[in-house]
Amino acid sequence: MASDTAEPVRRTPAGRTPRKSGASPGVVRARKVWLWLTRRAAFRNLGPFVPVIALWWLVAEMGVFDEAFFVGPPRVVEEFGDLMEKGILPGYLTDSLTRLAYGVGFGLAIGLPMGFVVAMFAKVRRFFWPILLFFQAVADIAWLPIVIVWFGFSLTAVTFVIVYTIVFPLMLSVVAGVEQVPRELLRAARSLGAGRTRVFFEVILPGALPSVAGGVRTGLGYGWRALVAAEIIVGTSGVGFMMFDARRVGDISQVFLGMAVLGILWYALDAMVLAPFERATVERWGMVRSLEADG
Amino acid sequence: MTALEITGLQKNYVDAYSGEEVTAIGDVSFSVNEGEFVSVLGPSGCGKTTVLNIVAGFVNLTEGEVVVDGRAVSGPGPDRGVVFQSHALFPWKTVLGNVVFGLRMKGVPRAERDAKGKEFLELVGLGGFGHKYPHELSGGMQQRLGVARVLANEPAVMLMDEPFASIDAQTRRKLQEDLTRIFEKRHPTVFFVTHDVDEAVFLSDRIVVLSKRPSRVREIVTVDLPRPREWRTALETPEFREIANRVNELLVDDEGAAAGADEDPGGATDADGTAVAGV
């Protein structure tokens, strides 16, 4: 279902295989299995990780590095089971995700409207643009010292940093999105009887969506990273804290586990929320060329 | 009777680099009657699209007046629907969603506007494509949709800005015949900007020929070829060639003065009903 666009492209060689001379039945069957596999969403989403994990495993088994510095997949899975059983990992994950949800929620609620206000009103924009660029340049982590002084080691401090990280790229992408709406579309809407408010909701909002969706994705990615960084410094709990704390006591497997958890969570968020949203909107409308159709 | 009246139109603008004031349109006056197809032709860069943009209300005029349906133009409005060269369809709306856009802005109830939208899609040969998205249509179909979107809104005048210029030659011929057929059937008032002489002669009742910058009306040529028109017969009629030659000479004459073209403009036979516009 996710491979609507890719199917016709990939089916063509399949139709040709039987006619090819010299291809043994075994090769043909292998090719058929491969084609069947590449059409499964699960395979296309998880397949690329198989060689990565295999390589990781191999390096660990060969003992290239000392086990105190490098652990293999079995140790990490074991550690995962252990921490799940003890309830530590679920607790930390809940903490991290709660912080992320607060940060992202406030970040979007502030960034999107502010972005559109700055984009729509030239005077507001002229005033805010230099300020926007200035504060975008002050790295999120650079705020941590003063934020800890203000809010202590609290949820507020972490939320502040995440919101800060998300808001600026989001605003810039909204401005870019509004700018990239073709002038002719605005004119067409006006000459079909749309007033300024209707033009905003009917043309500017959907027209800016490709760029805004990109901004939300980048913003979330930044927020995710800022969360881990903030937890390492502010940390009293959370996945970032777990990793840093494990390093302190020399438990490398927890550090590896933390990295895997971060990657998997982000990938799941992207595959289950962000990518389907983009497929249903901007790709459906033909506003960006689908990556899969190109391949 | 008069759908569009342009009187003493002048447009100056300030060049962004040199800061000099440039006169793009010197003095343009003409009118378009209700149910009439009028084309505006002129040498490249003469500001014919600027005239259209002023009528559409996208650009402000410096001097003069534009009156549509008895009201002076200020800003864009649904009485002047525009068909753009770039089609300017809404990619996030279906074909039907594009056609009914204007009716929706007017507050026409859903059932009524959908029925009307479908009627106009049939008219342009896009019946059955309502659920598609614009990017799934060919260039020619997209432009037919652009025409349907404007006509469904029933404007006092339909403005067309070189609508077929970005479409390949064969499809263009077909689209011109389609447009003529639609015009002959429903008689909308059309203001058509083009740089293609044959296209203008084929489609129009009258052709306004502009001079080079600062543009003035050089001549208004009446095209009294019988309707319905189609390309096969039009190209065979001597009258068609005669009018086309006449318009070509008016253009070449003007460009020759500017660029020193080697073509001899002499021997112009006056086509029927030509009239020099009052300047």
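See the structure shown above.
Residues numbered from 1 in each chain as written. Chains lettered and ligands numbered in written order. Predicted model: local features only at pLDDT ≥ 70, side-chain atom pairs only at ≥ 80, totals over all residues. Heavy atoms only, no water.

**Topic: the packing of helix α9 (residues 155-179) of chain A against helix α11 (residues 196-234) of chain A**
Residues and elements named next belong to chain A.
Consideration 1: Interaxial distance between α9 and α11 falls to 7 Å at its minimum, and their mutual angle equals 160 degrees. As judged from the angle between their axes, α9 and α11 are roughly antiparallel. The way α9 lies across α11 gives a crossing that is right-handed.
Consideration 2: Per-class residue counts for the contact of α9 with α11 are 18 nonpolar, eight polar and no charged. (Axes fitted to C-alpha atoms, helices over the stretch in contact; angles between N-to-C directions. Helix = DSSP H or I, 4+ residues; strand = E, 2+ residues; numbered from the N terminus. Parallel < 35°, antiparallel > 145°, perpendicular 65-115°, else oblique. Left-handed = near helix turned anticlockwise from the far one by under 90°. Nonpolar A, V, L, I, M, F, W, Y, C, P; charged D, E, K, R; others polar.)

**Quick notes on the pattern of salt bridges**
Consideration 1: Per the counting criterion, the structure on display carries 24 salt bridges over all chains.
Consideration 2: With a closest N to O distance of 3.3 Å, Arg217 of chain A and Asp270 of chain A form a salt bridge. Here Arg217 of chain A, found in helix α11, pairs with Asp270 of chain A, found in helix α13 (residues 252-283); they are 53 residues apart in sequence, far enough to count as distant.
Consideration 3: Looking at Arg217 of chain A, the relative accessible area reads 27%, which means it is partly exposed.
Consideration 4: Residue Asp270 of chain A is classed as buried on the basis of its relative accessible area of 17%.
Consideration 5: Among the ionic pairs, Lys174 of chain B bridges to Asp178 of chain B, the shortest N-O distance being 3.1 Å. With a gap of four residues between them, Lys174 of chain B and Asp178 of chain B both fall in helix α6 (residues 169-186), about one helical turn apart.
Consideration 6: A single network of salt bridges, built from pairs that share partners, joins Arg198 and Glu202 of chain A together with Lys93 and Arg104 of chain B. (Salt bridge = Lys/Arg side-chain N within 4 Å of Asp/Glu carboxyl O. Buried < 20%, exposed > 50% of the residue type's maximum accessible area, 1.4 Å probe, protein only.)

**Focus: the environment of Met84 of chain A**
Residue and element names in this part refer to chain A.
Consideration 1: Mapped onto the secondary structure, Met84 falls in helix α5 (residues 73-86).
Consideration 2: Put simply, Met84 and Arg39 are 45 residues apart on the chain and 34 Å apart in space, counted from C-alpha to C-alpha.
Consideration 3: Apart from residues lying up to four places away in sequence, Met84 is in contact with Leu89 and Pro90. (Contact = heavy atoms within 4.5 Å.)

**Quick notes on the environment of Lys11 of chain B**
Residues and elements named next belong to chain B.
Consideration 1: Relative to the elements of secondary structure, Lys11 occurs in strand β1 (residues 2-14).
Consideration 2: It is 9.0 Å that separates the C-alpha atoms of Lys11 and Gly64, two residues lying 53 residues apart in sequence.
Consideration 3: Residue contacts for Lys11: discarding those within four places in its chain leaves Val22, Thr23, Ala24, Ile25, Thr50, Ile54, Val59, Asn60, Leu61 and Thr62.
Consideration 4: Within polar-contact distance, the side chain of Lys11 engages the backbone oxygen of Asn60 at 2.7 Å. (Polar contact = N/O pair within 3.5 Å; in protein donor to acceptor, adjacent residues only side chain to side chain.)

**Concerning the interface of chain A and chain B**
Consideration 1: Residue-level contacts link 19 residues of chain A with 27 residues of chain B.
Consideration 2: Across the interface of chain A and chain B, roughly 2100 Å² is buried in total on both sides, 64% from carbon and sulfur atoms.
Consideration 3: Among the residues of chain A in contact with chain B, Arg187, Ser191 and Leu192 of chain A are the three that bury the most area, contributing 31% of the side total.
Consideration 4: Put simply, chain A and chain B have two salt bridges between them. (Buried area = accessible area lost by both parts, 1.4 Å probe.)

**Let's talk about the sheet that holds strand β10 (residues 215-222) of chain B**
Residues and elements named next belong to chain B.
Consideration 1: Taken together, the 10 strands give an open sheet; going across it, the order is β5-β4-β1-β2-β10-β9-β3-β8-β7-β6, and neighbouring strands pair in mixed fashion. On the outer flanks of this sheet lie β5 (71-72) and β6 (80-83), each paired with one strand and no other.
Consideration 2: Both strand β9 (residues 206-210) and β10 contribute to a ladder of five bridges, which runs antiparallel. Residue pairing in the sheet places Arg206 in a bridge with Thr222 of β10.
Consideration 3: Strand contacts of helix α1 (residues 48-56): β1, β2 (21-33), β3 (37-41), β4 (63-68), β6, β7 (157-161), β8 (190-193) and β9, with the helix running at about 115 degrees to β1, the strand carrying the most contacts. (Pairing = 2+ DSSP bridges.)

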